[in-house]
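# Coordinates in review
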Amino acid sequence: MTVRSGIGIDVQPDILDKVADAIAERDEVIYLGVSTGRYDLVVWVLVRTLDELREFLETFLAKVQGIRKTETMVILDIKKRTLGRVT
């Protein structure tokens, strides 16, 4: 089984880069972007089980200093995936 999850993260502005660097070091993280709108960071995580996702959220992400709020979305099905580029 593979569990894909998107996580929106609201971060204390003055340490955004520090928080992003800490998250980027994790093997589970396959995408990390700085964004506008509701969340400062958008993260995609790939793990084998829901238990591994829970461990990532509870033992790592919940303890990163500067994170104010997160929203986790488990991807149930992928309808389109591309590594498109702007032409």
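Just above sits the structure.
All residue numbers refer to positions counted from 1 along the written sequence of the respective chain. In view of the model being predicted, local features appear only for residues whose pLDDT reaches at least 70, and side-chain atom pairs are presented and counted only at 80 or more, with totals across whole chains, interfaces and linings using the full set of residues. Heavy atoms from the whole structure form the basis of all side-chain values; hydrogens and water molecules are not counted.

Further remarks concern helix H2 (residues 50–60). Because each turn of an α-helix spans 3.6 residues, side chains separated by three or four positions end up pointing in the same direction. When H2 is considered as a whole, its buried residues turn out to be Leu-53, Phe-56 and Phe-60. Looking down the long axis of H2, one finds its buried residues gathered within 85° of arc, a one-sided arrangement. Relative to its buried face, H2 has exposed residues pointing more than 90 degrees away, namely Asp-51 and Arg-54. Buried residues along H2 sit against strand E1 (3–11), helix H1 (16–24), strand E2 (29–34), strand E3 (41–47) and strand E4 (67–75). Exposure classes here rest on a 1.4 Å probe applied to the protein chains alone. A residue is buried below 20% of its type maximum, exposed above 50%, and partly exposed in between. A run of DSSP states H or I qualifies as a helix once it reaches four residues; a run of E qualifies as a strand once it reaches two. Both are numbered from the N-terminal end. By arc we mean the arc of the directions from the helix axis to the C-beta atoms, nothing more. The contact criterion used is simple: two residues touch if any of their non-hydrogen atoms lie within 4.5 Å.

Once that is clear, we can look at the side chain of Asp-10. Structurally, the position occupied by Asp-10 is in strand E1. What Asp-10 contacts, discounting residues up to four positions off in sequence, is Tyr-39, Asp-40, Gly-66, Ile-67, Arg-68 and Lys-69.

Let us look at the sheet that holds E1. Spatial ordering of the open sheet is given by E2-E3-E1-E4, a layout of four strands whose pairing is antiparallel. Sheet topology places E2 and E4 at the edges, where each strand pairs with a single neighbour. Strand-to-strand twist across the sheet, computed as the mean angle between neighbouring axes with direction ignored, equals 15°. The pairing of E1 with E4 spans eight bridges and is antiparallel. If you follow Gly-6 over to E4, its bridge partner there is Met-73. Each of E1, E2, E3 and E4 touches H2; the most contacted strand, E1, lies at about 15° to it. By the convention used here, strands pair only if DSSP detects at least 2 bridges between them. Each axis is a line fitted through C-alpha atoms, and for a helix only the stretch in contact is used; angles between axes span 0 to 180 degrees, taken between their N-to-C directions.

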